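Here is how the chains run, residue by residue.
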Amino acid sequence: MKILLVSEHFHPYGGAELSLWKLCGALTQKGHKIYVVTARHNGQADHEVKDGVEIYRPFPTGSLLPRFLFSVRLYSYLNKFMSGKDIDIVYNISYVPTVPATFIAHKYGIPSVTLLGHLCGGKWFRLTSPPLAVLNYMVEIVTIRFGKHSTIVVQCQDSANKIADQTRAKIEVMGNTFLDPIAIAKAKEGTDIVKVRRNLGIAEADLFLVMAGALIRTKNVPAVVKALAGWRRNFKLVLVGEGPERPRIEGLVRRLGLGENVLLLGKKRHEETLAIIRASDVLLLPSICEQLPNVVLEALALGKPVIATKVGGVPEIKSANLHLVDGLEEISQLISA
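Residues numbered from 1 in each chain as written. Predicted model: local features only at pLDDT ≥ 70, side-chain atom pairs only at ≥ 80, totals over all residues. Heavy atoms only, no water.

Reading across from one edge, 3-4-2-1-5-6-7-8 is the order of the eight strands in this open sheet, with mixed pairing throughout. If you trace the sheet from one side to the other, it starts and ends with strand 3 (47-50) and strand 8 (170-173), each paired once. Taking the axes of each pair of neighbouring strands and ignoring which way they run, one obtains an average angle of 20 degrees across the sheet. When strand 6 (residues 112-115) meets strand 7 (residues 151-154), the two strands line up parallel, connected through three bridges. Residue Thr-114 lies in a different strand from strand 7, and its bridge partner there is Ile-152. (Pairing = 2+ DSSP bridges. Helix = DSSP H or I, 4+ residues; strand = E, 2+ residues; numbered from the N terminus. Axes fitted to C-alpha atoms, helices over the stretch in contact; angles between N-to-C directions.)

And the structure:
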């Protein structure tokens, strides 16, 4: 089978994209041909073949205007791309590429599967300015309702219930998470916890909190920083990941005088991230919206406690080590308990 995967972002960007990369690898090993059309970041090659997966990066993306232009230009690009390739199915990751990808699939008479990476709905009004919140809210509704999807895949029943009356496409609930058992075992058994903590400047008496993921609005990092600002106990909050929210977070850390307590590491290799989580005391997930976050499953597999907000599919995860909160002020209560 020849599969075209269309996504605004692709590995090594973000946690969900790591799952996509592992999915591509698994499908390639089974003999399928995988093409990926994605955006170009930081001088990446326009075209490369990596582990048998053929990756095309025709245009850049970025903030609002570049993302809009990426979506607009994508239809014409895909129309030319499809010629002569005999694609059997188009798999796209919302929201930016969904309309062009599903319309192209419809034009060529082949199935299109849309994966909803997130579903914020009215929560957009907690994430950004009213004009942008309205725009993002409408994009979600229009994309789900008017995209020519054959199937929409969501990662939790909560999301399936929310979109049930917005589409005539078939809805499938399917966890799009791929835990690497070898990497998990290596981190669990081989991490030198003392060394990791020492390299990060974390004292023995410090409470080591970690967050891992893209620094974007939905991850709600500033709210955590504010919630921890009044703590009297010694702690270190280590942020693993990169994204457009970094300058805002850095400014907030400076204003609150938390430069000794909050450490932004930027993007790390997956193996390094797992080792940091393994050496931590608690993983935090304060997101405003999620589906089924890989990082929570990885932390639990590494035997670490997780404190997370009750969003998306997180409450569907069953573990004694998972502690759900309604508000971030409950973090200190849980840790002190």
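The discussion continues.
Moving on to the pairing of strand 9 (residues 207-212). Burial runs high along strand 9: five of the six residues are buried. Here six bridges tie strand 9 to strand 10 (residues 235-240), and the two strands are oriented parallel to one another. Bridged to Phe-208 within strand 10 is Lys-236. Crossover connection from strand 9 via helix 9 (residues 221-228) to parallel strand 10: handedness right-handed. Pairing of strand 9 with strand 12 (residues 282-285) involves two bridges; the strand directions are parallel. From the neighbouring strand, Leu-209 faces strand 12, where its bridge partner is Val-282. (Buried < 20%, exposed > 50% of the residue type's maximum accessible area, 1.4 Å probe, protein only. Right-handed = clockwise from strand over helix to strand, strands pointing away.)

Attention now goes to the pairing of strand 4 (residues 53-56). By the alternation rule, side chains of strand 4 split into Val-53 and Ile-55 and Glu-54 and Tyr-56, which are all buried. In terms of strand pairing, strand 2 (residues 33-37) meets strand 4 through three bridges, oriented parallel. Residue pairing for strand 4: Tyr-35 is matched across the bridge by Glu-54. The pairing of strand 3 with strand 4 spans four bridges and is classified as antiparallel. By the bridge assignment, Glu-48 is partnered in strand 4 with Ile-55. Here strand 3 folds back onto strand 4, and the loop between the two strands holds two residues, one of which, Asp-51, carries a positive phi near 50 degrees.

With that settled, the discussion passes to the state of the cysteines. Considering all chains together, one arrives at one disulfide under this definition. Bridging Cys-120 to Cys-289, the disulfide has an S-S length of 2.3 Å. Taken together, the residues Cys-120 in the loop between strand 6 and helix 4 (124-127) and Cys-289 in the loop between strand 12 and helix 12 (294-301) connect sequence positions 169 residues apart. (Disulfide = S-S within 2.5 Å.)

Turning our attention to the side chain of Lys-236. Mapped onto the elements of the fold, Lys-236 is located in strand 10. In this structure, Lys-236 is buried with no salt-bridge partner, the nearest side chain bearing the opposite charge being Glu-260 at 4.8 Å. Among the polar contacts listed, one links the side chain of Lys-236 to the backbone oxygen of Glu-260, at a separation of 2.7 Å. Ignoring sequence-local partners within four residues, the contact set of Lys-236 consists of Gly-201, Ile-202, Asp-206, Leu-207, Phe-208, Leu-209, Glu-260 and Asn-261. (Lys, Arg positive; Asp, Glu negative; His and termini not counted. Salt bridge = Lys/Arg side-chain N within 4 Å of Asp/Glu carboxyl O. Polar contact = N/O pair within 3.5 Å; in protein donor to acceptor, adjacent residues only side chain to side chain. Contact = heavy atoms within 4.5 Å.)

The subject of this paragraph is helix 7 (residues 181-190). All of the buried residues along helix 7 are Ala-183, Ile-184 and Ala-187. Within helix 7, the buried residues cover an arc of 100 degrees as seen down the axis, which keeps them to one side. For helix 7, the exposed residues set more than 90 degrees away from the buried face come down to Pro-181, Ile-182, Lys-186, Glu-189 and Gly-190. Those residues of helix 7 that are buried are in contact with helix 11 (270-279) and helix 12. Regarding helix 7, its N-cap is Asp-180, as a side-chain oxygen of that residue lies 3.1 Å from the backbone nitrogen of Ile-182 further along. (Arc of directions from axis to C-beta.)

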